[in-house]
Amino acid sequence: MSLSLSPHLVLGAALALSVLVTPLAVEGQSYTGDYPFGTPATQADIDAWNKDVRPDGQGLPPGSGTYEKGQQIYAQQCAVCHGENLEGIRNPNLPQNGGPALIGGRGTLNTPRFKITVESYWPYATTLYDYILRAMPYTAPSSLKPDEVYSLVAFILGRANIIDKKTAMDAKSLPKVEMPNRNGFFPDNRPYPVKHYD
Amino acid sequence: MDQTQELIGEPMGESDLERPAQEDCPCKEDMFPKASRRQVLRGGSLLTAAAASVLLPRRGALAADADDAGSWTVPGQLAKSDYGTRSSYETVVREATPAGTDALTPHQSLWGIITPSGLHFERHHNGVPTIDPAQHRLLIHGMVDRPMKYSVTDLKRFPSVSRTLFIECSGNSGGAARSAALKTAQATHGLTSTSEWTGVRVSTLMSAVGVKDSAAWVLAEGADGAMLSRSVPIDKIMDDAFVAYAQNGEAIRPENGYPMRLILPGWEGNINVKWLRRLKIGDKPFMTREETGKYTDLITLTGKARQFSWVMEAKSLITFPSGDMRLPGKGFYEITGIAWSGRAPIERVEISTDGGKSWSLAALQEPILPKAHTRFRYPWFWDGSEAIIESRATDQTGYVQPTKAFLTAHEGVGPTYHYNGIQSWKISADGSVSNVLVA
């Protein structure tokens, strides 16, 4: 008859050994360095939130949109704050006192009466998609479908005369759009290299 | 210096025992808008009178209307199991902008360097979300070996770090660049506050998920309606970034990111992403709206804009005397205020009482913490004539806070992010203090 050990003794010895030798390995979890906390993210977890879009188009989903569809959606969802003609509205009864102008202002950035809009200032068209998808409309953010966002981008860029009104927006065409102020930015050059005190 | 003593208090004499309690001085309420001493005494006895039991001895009506009907003549409030509140006589509040996107810290009414959590400024792009911490997760994914989700409870198991740091909106004091219409220190500079923040270093989390060597940028995303997102270079992430779950010793306030926010010491407010729900590791900046169309610094008349200007440069603010106050008369005043820099600890603060013609050193109150408000003080005898008082901060890198004239000449007044010019307060002969633009 072989020596029979109490299960509790075996478990206790194993636990004691594991504490001494490998104090940070926890059964049932993937190894995450010294701190095995948290839960491994599944692909579904990531896909649910991974909606951001980069200038090279990384993150743009399948789908497409047109100027005409965008015009309809804009009238229903956007015009109340941004104006029928994308001119912006200042009204204290609207969220954030109204929405900014989306078009116009091209050629004003180097003048005292500069006007900052998507048309005149934003360097990347992809940012427009990214922002609308996640943050607009203000009262129902994250409610628009990719086709609707592509359409709104096509409409706004079309009204800004940045793209042809017949150009459909999709994952291939959007990153190729060249914004007027693409080269209007320089990296942080502070502290200012001029002495300004006695 | 008997004269000084007379201005700030009253000599105690025999008559004090007989006459009613008097207000300290008629002008003091203009200096510090709060209840007078007499109101405090009266209100205090009213509050506690009802608490006395009819079966126990209590003060008779004749005794109660005597001169000594003060707080010391009746039992006080017993302890309660509750979340404490300040005295009912304290009324200082944040001031919200009409659009409801900001509420400003009342610096003119505060002391020391810690901003009370309830007075910490707030700024948000689609309101303050209501988040159940049991449901909230921080997702870390992208260029990592092990994508992970962390609950608040998970984060609290990691080694923690606490740091006392200012957070300042990059638009803070920008309005002061254009005009002197904003009256108070709260209105001009209320978008900076200092708290002690506690959380877990992002570098610790990065080692847990196994960040890849080619990682260069991290997208931080909030769980608010704006889903505010910013790109952060990996060097800053690994240097001193942390995910905070506590503010001044308790859970972060909802308007400041409950249940967790990113903290990037010394960097402009909005990149300290609140309600943090996602860190995505990548190899290029993501070019979100808040780092392209917004929060970039158009340099007037050049047509070019500075991008990724994260650091908040040295700035200072005299909080007393400051705009909309009134000094009761000539005599001694302690000029005091706060100075801060996103690069290094404050090295010195200088004070001018002649509109910037001459400068004298202020005393710095310890602790002088890196990337936190530092309190300065300067004793001053006001001779009763018009004066313009200013403060100028220098940090330990040698950077000196510039004048408005310098900034206007070199940068213009574009969108006025990162405006850190010297603030001027004018004291008129009648003692009134006002915001003023000095050329």
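Residue numbering note: each chain is counted from 1, following its sequence as written. Key to labels: chains lettered from A, ligands numbered from 1, both in the order written. Only residues with pLDDT of at least 70 are given local features in this predicted model, and only at 80 or more are side-chain atom pairs given and counted; all residues enter the totals for whole chains, interfaces and linings. No hydrogens and no water enter the side-chain calculation; it runs on all heavy atoms of the structure.

Participant: Honestly, the overall build of chain A in this entry has me stumped. Any pointers?
Facilitator: When you go through chain A residue by residue, the secondary structure sums to seven helices and four strands. In this description a helix means any DSSP run of H or I spanning at least four residues, a strand means any run of E spanning at least two, and both kinds are numbered starting from the N terminus. For chain A, the α and β elements follow one another from N to C terminus as α-β-α-β-α-α-α-α-α-β-β. Burial here depends on accessible area, computed with a 1.4 Å probe over protein chains only, as a share of the maximum for the residue type. Under 20% is buried, over 50% is exposed, and the range in between is partly exposed. Across the 198 residues in chain A, those meeting the buried criterion constitute 40%. When the accessible surface of chain A is split by element, carbon and sulfur atoms take 56% of a total near 11400 Å². Calculation of accessible area relied on Shrake-Rupley with a 1.4 Å probe; when residues are assessed, cover is drawn exclusively from the protein chains displayed.

Participant: Even after reading the chapter, I still don't get the sheet that holds strand S5 (residues 148-150) of chain B, so can you show me in this structure?
Facilitator: The strands that make up a sheet pair up through hydrogen bonds in the backbone, lying either parallel or antiparallel. Strands qualify as paired when DSSP identifies two bridges or more between them. Taking strand neighbours across the sheet as the criterion, the six strands line up as S1(A)-S5(B)-S4(B)-S13(B)-S8(B)-S9(B) in an open arrangement whose pairing is mixed. A strand with exactly one partner marks an edge of an open sheet, and here the two such strands are strand S1 (39-40) of chain A together with strand S9 (229-233) of chain B. Looking at chain direction, strand S8 (residues 217-222) of chain B and strand S13 (residues 276-282) of chain B are connected through six bridges and run antiparallel. Each residue of the ladder has a partner; that of B:Glu221, found in S13(B), is B:Arg278.

Participant: Can you help me understand the domain arrangement of chain B in this one?
Facilitator: Often, the extent of an interface is quoted as the loss of accessible area upon association of its parts. Residues and elements named next belong to chain B. Boundaries of every domain are those given by an automatic assignment or by a domain database. Parsing chain B into structural domains produces domain 1 (114-295) and domain 2 (315-435). Taking only C-alpha atoms into account, the centre of domain 1 sits 29 Å from that of domain 2. Listed per partner, the contact involves 31 residues of domain 1 and 25 residues of domain 2. Defined here as a combined quantity, buried area equals the accessible surface (1.4 Å probe) lost by two parts on assembly, summed across both. Of the roughly 2200 Å² buried where domain 1 meets domain 2, counting both sides, 56% is carbon and sulfur surface. Taken as a group, Phe166, Ala177 and His189 account for 23% of the area that domain 1 buries against domain 2, more than any other trio of residues on that side. In the sections that follow, a salt bridge refers to a side-chain nitrogen of Lys or Arg positioned within 4 Å of a carboxyl oxygen of Asp or Glu. At the junction of domain 1 and domain 2, the tally comes to two salt bridges. Residue lysine 371 pairs with aspartate 240 through a salt bridge whose shortest N-O separation is 3.6 Å. Two residues form a contact once any of their heavy atoms are found within 4.5 Å.

Participant: Whenever I open this one, helix H3 (residues 67-77) of chain A confuses me. Can you help?
Facilitator: One turn of an α-helix holds 3.6 residues; hence residues three or four places apart share an orientation. All names here are of chain A. Within H3 the residues assigned to the buried category are Tyr67, Gly70, Ile73 and Tyr74. When H3 is viewed along its axis, its buried side chains cluster within an angular range of 120° and face the same direction. Turned more than 90 degrees away from the buried face of H3 sit Lys69, Gln72, Ala75 and Gln76, all of them exposed. Throughout, the arc means the angular range of directions from the helix axis out to the C-beta atoms.

Participant: Even after reading the chapter, I still don't get the interface of chain A and chain B, so can you show me in this structure?
Facilitator: Counting from both sides, the interface comprises 54 residues of chain A and, opposite them, 68 residues of chain B. For B:Glu221, the salt bridge goes to A:Arg134, with nearest N and O atoms at 2.5 Å. N or O atoms closer than or at 3.5 Å make up a polar contact, with two conditions inside protein: a donor-capable atom paired with an acceptor-capable one, and, for residues adjacent in sequence, both atoms drawn from side chains. For the pair chain A and chain B, the interface holds 24 residue pairs in polar contact (both at pLDDT 80 or more). Sorting the residues of the side of chain A that touches chain B by element identifies S1, helix H2 (43-49), helix H6 (125-135) and strand S4 (185-187) of chain A as the ones contributing at least two each. For the side of chain A that touches chain B, the element with the most residues is H6(A), which contributes five residues. With three bridges connecting them, S4(A) and strand S15 (residues 305-307) of chain B associate as parallel partners. Across the sheet, A:Phe186 pairs through a bridge with B:Arg306, a residue of S15(B).

Participant: What exactly am I supposed to notice about unusual backbone geometry here?
Facilitator: Peptide bonds are, in most cases, trans, and in most cases residues other than glycine have a negative phi. Following A:Met136, the chain continues into A:Pro137 via a peptide bond in cis, with omega recorded as -10°. Looking at the secondary structure, you find A:Pro137 in the loop between H6 and helix H7 (146-159). In the segment running from B:Phe320 into B:Pro321, the intervening peptide bond is cis, with an omega of -10°. Its location among the elements puts B:Pro321 in the loop between strand S16 (315-320) and strand S17 (331-340). Positioned with a positive phi, A:Asn97 is a non-glycine residue whose angle comes to about 65°. Note that A:Asn97 resides in the loop between helix H4 (79-82) and helix H5 (118-121).

Participant: Where do I start with the packing of aromatic side chains in this structure?
Facilitator: Each aromatic ring pair is summarised here by two numbers: the centre-to-centre distance and the angle between the ring planes. Aromatic contacts are taken between Phe, Tyr and Trp rings whose centres are within 6.5 Å, Trp giving its six-membered ring; a plane angle under 30 degrees counts as stacked, one over 60 as edge-to-face, and the others as tilted. According to the stated counting rule, one finds 16 aromatic pairs over all chains in the structure shown. When the ring of A:Tyr74 is compared with that of A:Phe155, the centres are 5.2 Å apart and the planes differ by 45°; the resulting orientation is tilted. A residue pair is termed long-range when its members are at least 10 positions apart, and A:Tyr74 in helix H3 and A:Phe155 in helix H7 qualify at 81 residues. Assigned by exposure class, A:Tyr74 and A:Phe155 land together as buried. Ring-pair connections join several aromatic residues into one group, and the members of that group are A:Tyr35, A:Phe37, B:Tyr150 and B:Phe158. Criterion for a charge above a ring: Lys NZ or Arg CZ within 6 Å of the ring centre, and within 35 degrees of the ring normal. Directly above the ring of B:Trp197 sits B:Arg261, whose terminal nitrogen or CZ lies 5.2 Å from the centroid. Lying across the ring of A:Trp49, B:Arg277 places its NZ or CZ 4.1 Å from the centre.

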